[in-house]
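Below are the chains, spelled out letter by letter.
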Amino acid sequence: MSEKQVVTFRVEDRIAWVNFARPEKRNAMSPTLNRRMMEVLDELEYRDDVGVLVLGGEGAAWSAGMDLKEYFRETEAQGLRGVRKSQRESYGWFRRLRWYQKPTIAMVNGWCFGGGFGPLFSCDLAICADEAKFGLSEINWGILPGGGVTKVVVDLLPMRDAMWLTLTGELIDGQQAAAMRLVNESVPLERLEARVREVAAILLQKNPVALKFAKDAVRRVGAMTYDEAEDYLVRMQEAANFHDPSEGRKEGIRQFIDEKSYKPGLGAYDQSKVSA
Ligand code: COA
């Protein structure tokens, strides 16, 4: 299979639909896939016709995690140089996605194992199918959840849930994942894409500069003291002002206070009225 086919993407109505595309291997992440994913993310990140990125999977899986043959066994056979290279490639695109310019949604249609928790966490929001199955299978084949995965579950879940998944390797379904807050919502598979479109539509109405600064702030402040966070957020809003040529916050106030055309408590201001 050519490198290009292991990830598919299309842009439609300002949504970039990016898919893991090795369905015959349950979308396991091989070095080839990891390299290609970075290229695709790179290509889409600053396009004006992309407002939201959705990461899905073709076939029965979202991703069965790292490819045990190509990512682990074959790179180990190349020695430390090969191992470190493949780690850089996978961690590299996970990191790129965590700090992506556009808001991102994981659309988890099926299997999500082990290393798959990396991109799951990288996406800002996550909607899954009730039929999806999540598991930290690492313990089942004799390793700990590495590649950031243990950190991901500890950041996302209470300790008992993180420990349960880590030590038992037991599966949970979409509804359980939503109850645990591993994902935002779970819906029947047949509704999954429609629900993701609805959520994307909400994001597309917002000021894109505000979205980028807000999502970064949510990820950053967790590791800060209160005073550090307070200071950081003041500086970030000032930086956002600098990056927003439309002066969106002033327009947002104007449309509410002067024009009385919308209520911020009930939805976003009309970006089409902004001239910049
Ligand atoms: N790495 C490498 N190959 C994988 C893989 C992975 N993580 N997950 C699936 N595959 C391959 C299988 O080896 C098989 O290849 P083959 O057709 O050449 O024999 C193919 O994908 C289909 O997998 P199969 O196991 O037959 O599909 P299934 O639908 O019966 O089961 C899973 C799906 C996901 C439950 C099962 O494939 C599995 O347990 N995968 C490993 C999950 C895992 O531990 N991931 C964590 C890695 S950190």
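Calculation notes
- Residues numbered from 1 in each chain as written.
- Predicted model: local features only at pLDDT ≥ 70, side-chain atom pairs only at ≥ 80, totals over all residues.
- Heavy atoms only, no water.
- Helix = DSSP H or I, 4+ residues; strand = E, 2+ residues; numbered from the N terminus.
- Rg over C-alpha atoms; globule rule 2.2 N^0.38 Å.
- Contact = heavy atoms within 4.5 Å.
- Areas by Shrake-Rupley, 256 points an atom, 1.4 Å probe, with all protein chains shown as cover.
- 1 Å grid on protein atoms, 1.4 Å probe; cavity = no way out; pocket = protein on both sides within 12 Å on 5 of 7 lines; lining within 4 Å.
- Points joined across faces, edges and corners; volume = space filled by probe spheres on them.
- Nonpolar A, V, L, I, M, F, W, Y, C, P; charged D, E, K, R; others polar.
- Patch = residues over 30% accessible without salt bridge, like charges linked within 9 Å, V, L, I, M, F, W, Y side chains within 5 Å.
- Salt bridge = Lys/Arg side-chain N within 4 Å of Asp/Glu carboxyl O.
- Buried < 20%, exposed > 50% of the residue type's maximum accessible area, 1.4 Å probe, protein only.
- Near = heavy atom within 4 Å.
- Polar contact = N/O pair within 3.5 Å; in protein donor to acceptor, adjacent residues only side chain to side chain.
- Core = buried A, V, L, I, M, F, W, Y, C linked by side-chain atoms within 4.5 Å.
- Pairing = 2+ DSSP bridges.
- Axes fitted to C-alpha atoms, helices over the stretch in contact; angles between N-to-C directions.

> Would you mind going over the overall build of the chain with me for this structure?
If you tally the helices and strands in the chain, you get eleven helices and ten strands. The C-alpha radius of gyration of the chain comes to 20 Å, within 12% of the 19 Å expected for a compact globule of 276 residues. Dimensions along the principal axes, computed over C-alpha positions, put the chain at roughly 65 × 40 × 40 Å. Contacts in the chain between residues at least 24 apart in sequence constitute 69% of all its contacts with a sequence separation of at least 6. With an accessible surface of roughly 14,400 Å², the chain has 56% of that area assigned to carbon and sulfur atoms.

> Looking at this structure, how should I read the layout of surface pockets?
Where empty space is left in the structure can be found by rolling a water-sized probe over the atoms. Roughly 840 Å³ of internal volume is contained in the largest pocket. Elements with a minimum of two residues in the lining of the largest pocket: helix 3 (80-98), helix 4 (117-122), strand 7 (125-129), helix 5 (149-156) and helix 9 (208-221). There is about 550 Å³ of room inside the second largest pocket. Elements supplying a minimum of two residues to the lining of the second largest pocket: helix 8 (189-204), helix 9 and helix 10 (226-243). It is helix 9 that contributes the most residues to the lining of the second largest pocket, seven residues altogether. Tallied by class, residues from the lining of the second largest pocket come to 13 nonpolar, four polar and nine charged.

> I tried to follow a nonpolar patch on the surface on my own but got confused; where do I start?
A cluster of nonpolar side chains, namely Leu68, Trp141 and Ile143, defines an oily patch on the protein surface of about 250 Å² accessible area. Here Leu68 lies in helix 2 (residues 68-76). On the basis of relative accessible area, Leu68 is assigned to the partly exposed category, the value being 45%.

> For this particular structure, what's the right way to read the site of the ligand?
Every residue close to the ligand is listed here: Glu24, Lys25, Arg26, Ala28, Ala64, Met66, Asp67, Leu68, Trp111, Phe113, Gly115 and Ser137. Between the ligand and Lys25 there is a distance of 2.6 Å, counted from an oxygen atom to a side-chain nitrogen or oxygen. At a separation of 2.8 Å, a nitrogen atom of the ligand approaches a polar backbone atom of Leu68. The fraction of the free accessible surface of the ligand (870 Å²) that becomes covered by protein chains is 59%. Of the residues in the shell around the ligand, the class split is six nonpolar, two polar and four charged.

> Any chance you could explain the nonpolar core here in plain terms?
Buried together is how nonpolar side chains tend to be arranged in soluble globular proteins. The biggest cluster of nonpolar side chains holds 45 residues, and the ones touching the most others in it are Leu53, Leu55, Trp93, Val108, Phe117, Leu120 and Phe134. Ranked by residues supplied to this core, first place goes to helix 1 (residues 31-44) with five residues. Leave out the neighbours within four places in its chain, and Phe117 touches Cys112, Phe134, Gly135, Leu136, Val149, Val152, Val153 and Leu182.

> Is there a simple way to explain the sheet that holds strand 3 (residues 52-57) in this structure?
Think of a sheet as strands paired side by side through backbone hydrogen bonds, with each pair either parallel or antiparallel. Strand order across the open sheet formed by six strands is 1-2-3-5-7-10, with mixed pairing between neighbours. Of all the strands in the sheet, just strand 1 (7-12) and strand 10 (185-187) have a single pairing partner and so form its edges. Along the sheet, successive strands turn relative to each other by an average axial angle of 20 degrees, direction set aside. The strands touched by helix 8 within the sheet are strand 1, strand 2 (15-20), strand 3, strand 5 (104-108), strand 7 and strand 10, with strand 7 carrying the most contacts at an inclination of about 160 degrees.

> What am I meant to see in the side chain of Ser30 here?
Residue position: Ser30 is located in the loop between strand 2 and helix 1. For Ser30, a relative accessible area of 1% translates into the label buried. Beyond its immediate sequence surroundings of up to four residues, Ser30 is in contact with Arg22, Asp67 and Glu70.

> Could you clarify how one ought to interpret the sheet that holds strand 9 (residues 172-173) in this entry?
Read across the sheet, four strands follow the order 4-6-8-9 without closing on themselves; strand pairing throughout is mixed. The two strands at the open ends of the sheet, each matched to only one other strand, are strand 4 (61-63) and strand 9. Bridge count between strand 8 (residues 133-135) and strand 9: two bridges; the pairing is antiparallel. Counterpart to Lys133 in the pairing with strand 9 is Asp173.

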